[in-house]
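Take a look at the letters that make up each chain.
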Amino acid sequence: MLSIQDLDIKGKTVFLRCDINSPIDPDSLKILDDSRLLEVAETIDALKDSKLIVASHQGRLGKSDYVSMEQHAPALSKLLNRKIDFVPDVFGPTAIDTIKNLETGDILLLDNLRFTAEENAEMLPKDAIKSHLVSKLAEHIDYCVLDAFSTSHRSHPSIVGFAELRPACAGKIVEREVKALKGIVEDSNTKFTAILGGAKIPDRLKSIQKLIEAGRIEKALLGGLIGNVFLAATEKVPLEATSIDDEKSINTAKSLLEKYPEKFMLADDVAVEVDGKRTEKSLSELNSSDRIFDIGQKTINKYSQQIDNAENIFITGPLGMFENSEFRLGTTEILTKLSNTNARTITSGGHLSAVLSQLDLKDKIYHVSTAGGALIRYLTGEELPLLNALNNSADKHTK
Ligand code: 3PG
């Protein structure tokens, strides 16, 4: 892969595809956590001598986090202490006119790439170059910097298209991730104790299956909403207590439990809310008016023992509703445990990165990544469209 230093970006128009997709408060629609903005600051800084176009997606169509990037511009500007302009457009006349008028040192943030239909579709690079998004913008750019490691598993036009038409290099985040993880990924003997939490259920189920099939999982320790799907699959708890009504996911979890029973560790006790307070219950004590919001202390102890025996540990997603202080315990205790083990520890996703910062434990983790699904796919050894695009571009432009 080429690096920023390999391209003569001075005075050139550079398109930076990053991932500043951030958690958004469903009520206020404000950014809840700026980890990804903070992280991309280094790449933006390294491109300060160019005319810079910054672009990212935000949320998914139909979800409450599918919002404009308007507030990302001032947030980034504050972190970088640089002026960042925003256009409420992606490749229309407003965006193109503004791009044409950029001066060296200017930074322009485009609107949510997924506001264009094309960016919601997976496509091959040969088709991506024909998309309006890529063909219209590419006319006005000299180089492309790909730094959206956390979206590297999506073959979307902005991820795979520009690199076909213009020389492309890796941004700082992609370089850091690949440097830390390439050796681990390429060593097929590496097996992980995977601690899986969070709420992206269908994605997570696919990832668990892929990790197991790739022979990468020693044990999968579950929590969060994905843990609730598996608890529902065991039929040992009232379905209402899990807050899961997605039968397809429950059936997938059932078949995974049947096929690989020795791979999974599930909660034995959980935390529910009673009069606004955390109350721990064993699974058999749960009734249909309870709602599971965290793993309980016995489960934390059981998972901690497994952590003591592991050489490589991978954790993705919070293990409970960590936004509420009553239900942070599972997430904070397990992260604290991980910071004290000799195992090689990898944490995945913006939420865990934010909690580690709050606990001041980031330095005690082998690798902290803000990537979620993309990182899991990378660990399975699967090829990632963004990395392929960078490798192809390097082949083309270094010969
Ligand atoms: C992420 O948060 O995992 C990335 O931004 C990718 O988002 P997606 O899962 O909606 O494609």
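Student: Pulling in residues and values, what's your account of the packing of helix H1 (residues 35-46) against helix H2 (residues 72-80)?
Tutor: The geometry of H1 relative to H2 is characterised by a closest axis approach of 10 Å and an angle of 65 degrees between their N-to-C directions. Classified by the angle between their axes, H1 and H2 sit roughly perpendicular to one another. Crossing geometry of H1 relative to H2 is assigned as right-handed. In contact with Leu37, Leu38, Val40, Ala41 and Ile44 of H1, H2 contributes His72, Ala75, Leu76, Leu79 and Leu80. The residue inventory of the contact of H1 with H2, partitioned by class, reads nine nonpolar, one polar and no charged.

Student: Any chance you could break down the state of the cysteines for me, citing the residues and the numbers?
Tutor: Taken as a whole, this structure holds zero disulfides when the rule is applied. Among the cysteines around Cys144, which has no disulfide bond, Cys169 carries the closest sulfur, lying 7.7 Å off. The buried category is assigned to Cys144, whose relative accessible area is 0%.

Student: Lay out the site of the ligand in plain terms, naming residues and giving numbers.
Tutor: The environment of the ligand is made up of Asp19, Asn21, Arg36, His57, Arg60, Arg114, Ser150, Thr151, Arg154 and Lys200. At a separation of 3.0 Å, an oxygen atom of the ligand approaches a polar side-chain atom of His57. Here an oxygen atom of the ligand sits 2.6 Å away from a polar atom, N or O, in the side chain of Arg154. If the ligand stood free it would expose 310 Å²; the protein chains cover 93% of that surface. Looking at the shell around the ligand residue by residue, the class counts come to no nonpolar, four polar and six charged.

Student: With reference to specific residues and values, describe the packing of aromatic side chains.
Tutor: Counted under the stated rule, the structure contains six aromatic pairs. Centre to centre, the rings of Phe293 and Phe327 are 5.1 Å apart; their planes meet at 55 degrees, and the pair counts as tilted. Here Phe293 is found in strand E12 (residues 292-295), whereas its partner Phe327 is found in the loop between strand E13 (312-316) and helix H14 (329-339), with 34 residues between them in sequence. Look at Phe293 and you get partly exposed, because its relative accessible area is 22%. Above the plane of the ring of Tyr366 lies Arg344, whose end atom (NZ or CZ) is 5.9 Å from the centre.

Student: Break down the pairing of E13 for me, with residues and values.
Tutor: Most of E13 is tucked away: five of the five residues are buried. Burial of the side chains of E13 extends over both faces: Asn312, Phe314 and Thr316 are buried on one face and Ile313 and Ile315 on the other. Pairing analysis gives four bridges linking strand E7 (residues 192-196) to E13, with the strands arranged parallel. Each residue of the ladder has a partner; that of Leu196, found in E13, is Thr316. Note that E13 and strand E14 (residues 344-348) share five bridges and pair parallel. Across the sheet, the residue bridging to Thr316 is Ser348, located in E14. The β-α-β motif built from E13, the intervening H14 and the parallel element E14 has right-handed crossover chirality.

Student: Residues and numbers for the domain arrangement of the protein, please.
Tutor: Often, the extent of an interface is quoted as the loss of accessible area on bringing the components together. Taken domain by domain, the protein comprises domain 1 (4-177 + 383-397) and domain 2 (187-365). In this structure, domain 1 and domain 2 have C-alpha centres spaced 32 Å apart. Listed as interface residues are five residues of domain 1 and, on the opposing side, six residues of domain 2. Taken over both partners, the interface formed by domain 1 and domain 2 buries close to 380 Å², and the fraction arising from carbon and sulfur atoms is 39%. Three residues stand out in domain 1 for area buried against domain 2, namely Asp33, Ser35 and Arg60, and they jointly supply 63% of the buried area on that side. Our enumeration of links across domain 1 and domain 2 arrives at two salt bridges.

Cut-offs and rules
- Residues numbered from 1 in each chain as written.
- Predicted model: local features only at pLDDT ≥ 70, side-chain atom pairs only at ≥ 80, totals over all residues.
- Heavy atoms only, no water.
- Axes fitted to C-alpha atoms, helices over the stretch in contact; angles between N-to-C directions.
- Helix = DSSP H or I, 4+ residues; strand = E, 2+ residues; numbered from the N terminus.
- Parallel < 35°, antiparallel > 145°, perpendicular 65-115°, else oblique.
- Left-handed = near helix turned anticlockwise from the far one by under 90°.
- Contact = heavy atoms within 4.5 Å.
- Nonpolar A, V, L, I, M, F, W, Y, C, P; charged D, E, K, R; others polar.
- Disulfide = S-S within 2.5 Å.
- Buried < 20%, exposed > 50% of the residue type's maximum accessible area, 1.4 Å probe, protein only.
- Near = heavy atom within 4 Å.
- Polar contact = N/O pair within 3.5 Å; in protein donor to acceptor, adjacent residues only side chain to side chain.
- Areas by Shrake-Rupley, 256 points an atom, 1.4 Å probe, with all protein chains shown as cover.
- Phe/Tyr/Trp six-rings, centres within 6.5 Å; stacked < 30°, edge-to-face > 60°.
- Lys NZ or Arg CZ within 6 Å of the ring centre and 35° of its normal.
- Pairing = 2+ DSSP bridges.
- Right-handed = clockwise from strand over helix to strand, strands pointing away.
- Domains from an automatic or database assignment.
- Buried area = accessible area lost by both parts, 1.4 Å probe.
- Salt bridge = Lys/Arg side-chain N within 4 Å of Asp/Glu carboxyl O.

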